[in-house]
Amino acid sequence: MNSTGKQGKYPSHIHFDMVSPATKLLEKRRMMYEVHEAFEAQKDEFKKQEEQFKKQEAQIRERDVHIQEDLIKFCKFLQDNESKKNRAEKRLQDERKTRQEKEQEIQTLTKQLEEMQKSAEKLERKVNSLKKYEEYLDLVSKTYPDQYPDLNEIINRYKQLETSNKTLEANHTEIEKRLENERSEALRFEKEITNEILQLNNDIAFLQKRQEDLMNKKIDLQAGVESSNNEASSKNLTLGRILMAIDNIYQRCLEGSSIIRYDNEERRDEFEKVKEPTDEEYFAKKGELAMKKLKVCLLYTSPSPRDRQKSRMPSSA
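Residues numbered from 1 in each chain as written. Predicted model: local features only at pLDDT ≥ 70, side-chain atom pairs only at ≥ 80, totals over all residues. Heavy atoms only, no water.

Considerations on the overall build of the protein
Counting its regular elements, the protein contains 7 helices and 0 strands. With 317 residues in all, the protein has 14% of them scored as buried. Within the protein, residue pairs in contact and separated by at least 24 positions form 73% of the contacts whose partners lie at least 6 positions apart. Only carbon and sulfur atoms are counted for the fraction: they give 53% of the accessible area of the protein, which is about 26,600 Å². (Helix = DSSP H or I, 4+ residues; strand = E, 2+ residues; numbered from the N terminus. Buried < 20%, exposed > 50% of the residue type's maximum accessible area, 1.4 Å probe, protein only. Contact = heavy atoms within 4.5 Å. Areas by Shrake-Rupley, 256 points an atom, 1.4 Å probe, with all protein chains shown as cover.)

What to know about the nonpolar core
As a rule of thumb, nonpolar side chains are buried together in soluble globular proteins. Among the nonpolar cores identified, the biggest contains 10 residues, and these are A22, L26, M32, L239, I242, L243, I246, A290, M291 and L294. Ranked by residues supplied to this core, first place goes to helix α3 (residues 151-256) with 4 residues. Excluding its chain neighbours within four sequence positions, the residues that come into contact with M32 are K235 and I242. Core analysis: the next-biggest nonpolar cluster, separate from the first, contains 5 residues, C253, L254, V296 and C297 among them. (Core = buried A, V, L, I, M, F, W, Y, C linked by side-chain atoms within 4.5 Å.)

Re the environment of E185
For E185, the position within the fold is in helix α3. A distance of 2.2 Å separates the side chain of E185 from the side chain of R188, its partner in a polar contact. (Polar contact = N/O pair within 3.5 Å; in protein donor to acceptor, adjacent residues only side chain to side chain.)

Observations regarding the environment of F39
For F39, the location among the structural elements is in helix α2 (residues 21-143). Residues F39 and A232, spaced 193 residues apart in sequence, show a C-alpha to C-alpha distance of 7.7 Å. Apart from residues lying up to four places away in sequence, F39 is in contact with S228, A232 and K235.

Thoughts on the confidence of the model for the protein
Here the protein averages 77 in pLDDT, while 78% of its residues score no lower than 70. Confidence over residues 1-15 falls short of pLDDT 50; this stretch has 15 contacts with residues more than four positions distant or in other chains. Note that residues 274-280 has pLDDT below 50 and, in this model, 5 contacts with residues that lie over four places away or in other chains. (pLDDT = per-residue confidence, 0-100.)

Let's talk about the pattern of salt bridges
It is possible for side chains of opposite charge to pair when their charged atoms get near one another. Summed over the entire model, instances satisfying the criterion amount to 10 salt bridges. The salt bridge involving R178 is made with E174; its shortest N-O contact spans 2.8 Å. Pair noted here: R178 and E174 are both in helix α3, with a separation of 4 residues, about one helical turn. Residues joined in a network through salt bridges with shared partners are E27, R30 and E34. (Salt bridge = Lys/Arg side-chain N within 4 Å of Asp/Glu carboxyl O.)

Here it is as structure tokens:
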């Protein structure tokens, strides 16, 4: 609707600064219609943006799920690799330790062999020197046959006690080694669990922050939609008041002029078509009807050529 095109159809003596209130209402109606069209376009744009935001939110959630799954798989992969690495390092250390032990054992055995050869010589000398003690033990066993029936029994008892002592010492050493290994394994496991808990806490904090940002965006969009709805309701109310004012002016004009009544009878069918509109062109048809009514009111309020002559006669006289 163009205001300049409509002004060209009015009488030449009517200008915008001197027009009646009905013409001003018509101009406001045109402006309201343009604002309404702009508002509808903006509303459609907001709906499209809201759908895009919903799609983006769904995509973000899906990506989040995939990232969490990938993160779990990656963590599991790292744990498996770490355990394999630890087992390999432990096995390498064990093999190196075993090799060193074997080399040390070889050296020890070599030394022991040399020492045994030397000790054999010493033992031979010692046996020769200890024969007197053997004779003494024989004498003791003969003197106390109840307590010490045989010399070999005394020697066997001594060997059993010595063997038991060595076995206990070996068991004690082995238990200490096992305890040390268990302590190192417990420390390693505790370190892995602590690192995993820290990583999970960091992931949870990041995801919570991201969720808060999305919720804030959603709240802002809802507030914008609510504000747009309120503005649309206000504009519709103002438009209804303008249309009611135009109808009142038109009814007054109909009551005061027979020409307008005759013109109204010719256009009655056309006006009846838009009394109860149900299609999407409701506002356009109501606007056209209001324009026609305002034209009729302007014709009624405009002075006729006879009235102009009467108004000029006193001045010419």
